[in-house]
Amino acid sequence: MPNDFARLPERPRADDLVVEVPAFEDDRPQPEPAPPAAAPELVAATEFARTSHAPATIRRTQVRAGVWIAGVPIAVLVVVAAVQVLFAR
């Protein structure tokens, strides 16, 4: 029985370590190109119009989550305090 640990395994080929990933086309909607910089009012109006009907951003989501996280415990404390005041002896 030969000792299999007497020699190192063969070195892997670089081709064996390469993984090919198929490319995909980015089909996400692209924003409209910005108007010329010579018209700052137009730039501001375009950005306002673009964001006025946009889905919720991360900031809006964070505010909504913060209201839930802070509002629910505060509401529970208010209810508990009101019950204690009403039923105090």
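Here, the structure is the one placed above.
Residues numbered from 1 in each chain as written. Predicted model: local features only at pLDDT ≥ 70, side-chain atom pairs only at ≥ 80, totals over all residues. Heavy atoms only, no water.

Undergrad: Can you help me understand the overall build of the chain in this one?
TA: Counting secondary structure elements, the chain contains two helices and zero strands. Within the span of the chain, comprising 89 residues, buried residues form 3% of the whole. Of the accessible surface of the chain, which amounts to about 9200 Å², a share of 66% is contributed by carbon and sulfur atoms. (Helix = DSSP H or I, 4+ residues; strand = E, 2+ residues; numbered from the N terminus. Buried < 20%, exposed > 50% of the residue type's maximum accessible area, 1.4 Å probe, protein only. Areas by Shrake-Rupley, 256 points an atom, 1.4 Å probe, with all protein chains shown as cover.)

Undergrad: Explanation requested: a nonpolar patch on the surface in the structure shown.
TA: Side chains of Trp68, Val72, Val76 and Val80 sit close together on the surface and give an oily, nonpolar patch of about 390 Å² of accessible area. As for its placement among the helices and strands, valine 72 is situated in helix α2 (residues 58-86). (Patch = residues over 30% accessible without salt bridge, like charges linked within 9 Å, V, L, I, M, F, W, Y side chains within 5 Å. Salt bridge = Lys/Arg side-chain N within 4 Å of Asp/Glu carboxyl O.)

Undergrad: Just to check I follow, could you spell out the pattern of salt bridges for this structure?
TA: Opposite charge on two side chains permits them to pair, given that their charged atoms come into close proximity. A complete count under the given rule lists one salt bridge for this structure. One salt bridge connects aspartate 16 with arginine 13, and the closest N-O pair in it is separated by 3.1 Å. For arginine 13, a relative accessible area of 53% corresponds to the exposed category.

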